[in-house]
Structure formats: C-alpha cells, structure tokens
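# Breakdown of the fold
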Amino acid sequence: MTTSFHEEPSRSKYEVIVVGGGHAGIEAALAASRMGCSTAMITMDLESIGRMSCNPAIGGSAKGHLVREIDALGGEMAKIADATGIHFRMLNKSKGPAIWSPRCQNDRDCYSNEAKRRVLGQEGLDVIQDGIGDILLMGNRLEGAVTFSGRVLRCKSLVICSGTFLNAVMHTGTSKCSGGRFGEPAANGLSERLAGLGFKTGRLKTGTPPRVDINSIDFSVTEEQPPDDDPTPFSFQTLRISNKQISMYLTHTNSETHEILRKGFDESPMFAGRIKGVGPRYCPSIEDKLNRFAERDRHQIFLEPEGYNTNVVYVNGFSTSLPARIQQEALQSIQGLEHSVMIRPGYAVEYDYFPPHQLNHTLESKIIKGLFFAGQVNGTSGYEEAAGQGLVAGINAALAVKGEEPLILQRCDAYIGVMIDDLINKGTDEPYRIFTSRAEHRLLLRQDNADSRLMRKGASLGLIPREVIRRVEEKEKRVTEAIQVLKSMSVLPAQINDLLSRRGSQGLSESENLVKILRRPEINLAELITIESLGEDQRLKVLTTDKEAMERVEIEVKYEGYLRRQEEQAALFQRHEGISIPEDFDFSKVKSLSAEGKEKMRLVKPTSVGQASRISGVTPADISVLMVNLKNYRSTWNELPISKAALE
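Remember, predicted model here, so these are calculated numbers, not experimental data.

### Some points on the packing of helix H6 (residues 255–263) against helix H8 (residues 324–331)
For the pair H6 and H8, the least separation of the axes is 9 Å and the interaxial angle reads 175 degrees. Our classification of the angle between H6 and H8 gives roughly antiparallel. Two secondary-structure elements touch here, H6 through Thr257, Ile260, Leu261 and Lys263 and H8 through Ile326, Glu329 and Ala330. Residue composition of the contact of H6 with H8, by class: 4 nonpolar, 1 polar and 2 charged.

### A closer look at the packing of helix H2 (residues 63–73) against helix H9 (residues 383–402)
At a minimum axis separation of 9 Å, H2 and H9 run at an interaxial angle of 25 degrees. Viewed along their axes, H2 and H9 adopt a mutual orientation that is roughly parallel. Relative to H9, the crossing made by H2 is left-handed. Two secondary-structure elements touch here, H2 through Lys63, Leu66, Val67, Ile70 and Leu73 and H9 through Glu384, Glu385, Ala387, Gly388 and Leu391.

### Comments concerning the packing of aromatic side chains
This structure, assessed with the given rule, holds 7 aromatic pairs. Relative to tyrosine 249, the ring of phenylalanine 219 lies with its centre 4.4 Å away and its plane at 40 degrees, an arrangement referred to as tilted. In this pair, phenylalanine 219 sits in the loop between strand E14 (211–213) and strand E15 (223–225) while tyrosine 249 sits in strand E16 (residues 248–252), placing the two residues 30 residues apart along the sequence. On the basis of relative accessibility, which here comes to 18%, the residue tyrosine 249 falls in the buried class. Ring centres 5.3 Å apart and planes at 70 degrees place the aromatic pair phenylalanine 585 and phenylalanine 587 in the edge-to-face group. Classification of phenylalanine 585 as buried rests on a relative accessible area of 9%. Clustering of aromatic rings is evident, with ring pairs tying together Phe199, Phe354 and Phe373. Over the ring of tryptophan 100 we find lysine 93, and its NZ or CZ is 3.6 Å from the ring centre.

### Some remarks on unusual backbone geometry
Within the chain, alanine 62 stands out as a residue other than glycine whose phi angle is a positive 70 degrees. Among the secondary structure elements, alanine 62 is positioned in the loop between strand E3 (57–59) and H2. Positive phi, close to 50 degrees, is recorded for asparagine 167, a residue that is not glycine. Here asparagine 167 is to be found in the loop between strand E10 (157–160) and strand E11 (169–172). The buried category is assigned to asparagine 167, whose relative accessible area is 15%.

### Examining the nonpolar core
As a rule of thumb, nonpolar side chains are buried together in soluble globular proteins. With 118 residues, the main nonpolar core has Ile58, Leu158, Val159, Leu371 and Ile416 as its most contacted residues. Sorting elements by how many residues they give to this core places H9 first, with 11 residues. Residues Ala482, Leu486, Leu508 and Val515 belong to the second largest nonpolar core, which totals 26 residues.

### Here we look at the sheet that holds strand E21 (residues 371–373)
A sheet is described by the order of its strands in space; here 5 strands give the open sequence E6-E2-E1-E10-E21, paired in parallel fashion. With partners counted over all chains shown, the strands left at the sheet margins are strand E6 (125–129) and E21, one partner each. This sheet shows a mean twist of 20 degrees between the axes of neighbouring strands, independent of strand direction. Taken together, the 4 bridges between strand E1 (residues 16–19) and E10 define a ladder with parallel strand orientation. Within E10, the position partnered with isoleucine 17 by the bridge is leucine 158.

Basis of the calculations
Residues numbered from 1 in each chain as written. Predicted model: local features only at pLDDT ≥ 70, side-chain atom pairs only at ≥ 80, totals over all residues. Heavy atoms only, no water. Axes fitted to C-alpha atoms, helices over the stretch in contact; angles between N-to-C directions. Helix = DSSP H or I, 4+ residues; strand = E, 2+ residues; numbered from the N terminus. Parallel < 35°, antiparallel > 145°, perpendicular 65-115°, else oblique. Contact = heavy atoms within 4.5 Å. Nonpolar A, V, L, I, M, F, W, Y, C, P; charged D, E, K, R; others polar. Left-handed = near helix turned anticlockwise from the far one by under 90°. Phe/Tyr/Trp six-rings, centres within 6.5 Å; stacked < 30°, edge-to-face > 60°. Buried < 20%, exposed > 50% of the residue type's maximum accessible area, 1.4 Å probe, protein only. Lys NZ or Arg CZ within 6 Å of the ring centre and 35° of its normal. Core = buried A, V, L, I, M, F, W, Y, C linked by side-chain atoms within 4.5 Å. Pairing = 2+ DSSP bridges.

Written as structure tokens, this is what we have:
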C-alpha cells in the first residue's frame, strides 16, 4: 500500500512505525518496508521529507565512508546523492587510501524531492502527516503510539528519528522562538513521556549559517574550487555521474570581520547563557572559532550555491546565532561579499536528546523492548551519521518483528559499527561526528571496499538485488586474478627503465617482479599496464575499463603488509568480542573493580569483554579483574556462555 500527499491511510496497526522523515527516518522506513514489514512513517510535514536542514552536501572525511557503507547494506542515501549531486570531489587523495573520502554538494530542492519520491513510491510504506506525543506499553514492551491528533496506532517496533525537533528552540541574537528548523514547529511532549519512564535526557545545540543572494557576490576575487573531472559515484549501483557539475568558491574572514563579530558577543545567546545545550566541537560557530582560536587572523569561508536554479548560496564556515544586523555587517567585510545581500540569517537550534548508553548495539532501548532510537536524538551530528543509524535501527526493528537474529556491526566490520559502539560505550555530551581516526582498522574499512565488506549482509536481508552481488563477485575475481598476474610476472630493465626514469624512480639492473615495482610510491598500476607486453594480458587489460577494480588492486599490492597486520588485529578483536558476559552478571559484586569501572559497567551493561574494554573509564586492570571473575562465575564451565579456552 502506498500513499500520496492527499491520501490518509485507514489502518491503525503496523509492524513498524518510524517517527520522522529526515535522513534517519528515510533509511529506517525504507529498510523495514523492503524487508516485508507493514510500515508507517509519521512526519509533521510531508514536504519536509529528506530536507537538508543545514549544508546541502553529502559525504566528506569519514562521512563518505558511512554513505558507501549505507549503500552496500541496501540503503538509499548514496543513490539520492548521485541523482542530485552538482559538485563531486574525492577528498584527501594526496594522502593514504584509508582516508580517501567522497563528498558532493547537492541541489537542495532536488535532493528533498528525490527522497520524497522514493519514500512515497515505496510499496508497503504509509506516510502519515502527524507527530507522536505518547507511546503505549504492556509492561516494558512497546505496544503502539498516540499521535498529536489523538490517533492510536499499534505496532511491534517503533523507531524514533526526531532529529532536532524535541522541545526545540531557535535562537538569533536576543530573539528566540519554538521550532526545530526554519519555519517548522518543535515536537513537544515525547521527551517528558520518555523521561517519566526512566530515560535520561540531555540538551544539545546545532546551528546554521546565513544564506546570501548569488547575484550579490563577486566571485572573481574568490578562489574557484572545481569539481573532479571524472566524479566517483557514492553508490556501487551508479555506473557514472552524468549530472552537470558546477564550481564552489573559497574566501576568508579577516581581522575586520572578527572585530565586527565581537561587537555582537554581548547579544550572543551562547555567551549570555541563554543556550544551555552543548554545540558541536568539530563544526563550531564563527563566534566560537574566534574564542577558541583567538590567535588566527582568518578562517576559511566556502561559498556553495544550493542548486542549479536558485539564487541561494550557503556560507559554509560561518555558522552563527549572533544578531542579524551583525551577521550582515560581518559578511560585507569579507572579500567577494562586500555587496552581499543576506537572504536569511543564521541561527542556532537547541533540542533534547537521549544519551545513547541507554541503547543496545541494535539501537533498541535497554528500557523498553521494541523501542529504537536513531539519528540526532542519539546525540550525533550530520546527515550521514543519522542515515547510518536509521538504516541499522530500521533493519533491526524489522528483524525483531520477524523474530530473527539482529544485525550488529562490529568495529572491524564498518564505520557504522565504530560509530554505534562509540555512542554506546563512550557516550557523548556534545554532538558526535565520525572521523577516520576513530577506527582502529581504518585501512581495512576503506570507502572503496565497502561493497566487499557489507553487500552480502545487505543481500541476506533482502535489501541488495542478486545481480548487484554478481557484479561485486566479478569485480573481486578481476582483482584477485590481476594480483596473481602481478605476482607471477617480471619485467626486464629495457622494458621499464624509461618509465622509471620519467617517474624519478631508480632504474633496474636486472629483471624485477611487478609487485615489487608497483610497491614503489611513485609508480601506479595504470602506467605499468601501458608497458606493451603487460597490456596484452587480458587479466590486466580488463582493469583499464574498471576504475574501481584497478584502484583496489593497487591498494592491496602497495599496502599488503599493513593490511595483513590489521587483519591480525581484527582477529584478536573478534576473539575478545566472543567472550560474552551473562545478562545477569552483577558488576557491583566484583570487589576489585575500580569505583569508576564498576559504575560505568553497571551503566552500559556490556555484553562482552571486548565491549567492556572500550568503555570510557574502564582500565586494563578492570578487564583483568573481570576476566578472573568471569572464570569463576557460577563455578562451572558449562554454565558459562564461553569456553575455558577462550578465557585462558
């Protein structure tokens, strides 16, 4: 069953209900419905589905890894980004492949329209324009929800993806109003209901910069940022990017800008204490930058058109909640913006969230069975972090309905697993952002191999078509065969010394294996294949038409030793994850645990020794004590969910 904008679903019972139509809600609702569950998405405004509240961009450092993983598991964000992207770039290409990250600017309206089209066209998914103010319980199990309009909807799983809307307040200077996004009301009542059931709540802040009229900008005095010539798609199912690509532009603040901004500090809701919520450390407001980096005389400002057919430009790097008049004056002190016209001032949003230690790795609540949380409501920032959580929550909500084993991604499986594990074990008192540095096995978790890592999981859930898996298997075969060829072949000095000389690499005096040649940092595979005798080998020649396979071959050859070492580390990690902790294990009775370790483990309730070791405040000594106590638990080995060998 599908709905249009004008139809109101008549049913009152679903297997899965998703609250929210943002990036988390989209992934959760589509996944649950595609897995065969009757699903409803409840959103306060149908027109806001997939709306890009802040920067109309997808991906970036580590965030691009998340998007490719979402795609590999069967999510939708990558496909929507590919269909609506206006400026694609692969970031960090001058560095190692572990941190290469795809990013694109998107046409804001096109992205939302495309997301809405896919949601409204999904079979088995009803979309209801309303909000949730209460939930129904039977003991500690979810039974349903009550909408703002008083409608009772029964369900087996409820996924809350409410973004920045719970008890939300928007601030600009001394003025404030209720609302979770420009022109959209806050969602009130649900936070209080959940707090009454024992959930801890907190308060966070996010913000957005002013928008300016493109016709009032002098781009000739800014630095052009062109897109990539041959853009890499986000989705493994997108063959190529055919959208028209446009440039973005770079300028900077200056000392005059900073003096103007400081004039408004007395009216800043952040400095005056009117905002209680903590803002994002890694995406601070411009006034916060001036405070934290007082020694800097300028900051980067990216001017990013919001689409093909709009006059709106997003002023990236200028997020602020200062008074509108200060924003306008400061903008006009920046090179290229001297005559800029501000279409809309920046503002800050303060909202409720639920500290994520209250969740299991499935993103199901530890307090209420059947209640899942995903996105900014868990204390994260960013569309990509929200979408990754939404996909996992939607999948697990559907699996719970079906009575099947949940999907739990480990830290060595995916950046999504790193993110969820961080949230649950370390918690967050500021908006969490993913970084490549958060992953211990980041050379294994590259953006280019997300298909090999995760697509079979997506296929097992019914979210990836068989023909897509077949293409992945064919690519893996091409990679394996090409590496075998490189290991089996050698070249003579006469064949390669000219190439080596051109690349500033030492020439050969005798024949050399191709793998050893390729491991030289100045040599790339595309050049090796141009050598006449090598280019004739079909197993290598086929790589010239498969950019992803060629890239994979080169990475696996050049970094073979590092990859092997990380694989060994991942195996050790998995061993610790396999040492489970019984549900009824009482940490308070373990006398030798440190006070902080005992408190943190009682709070998080780790299910394995590996998880316990990653909880903030738990020391290696605490883990040793825990292992000894697990060894003696109930005094009999057969009552333990682990083997004696595993503990020893």
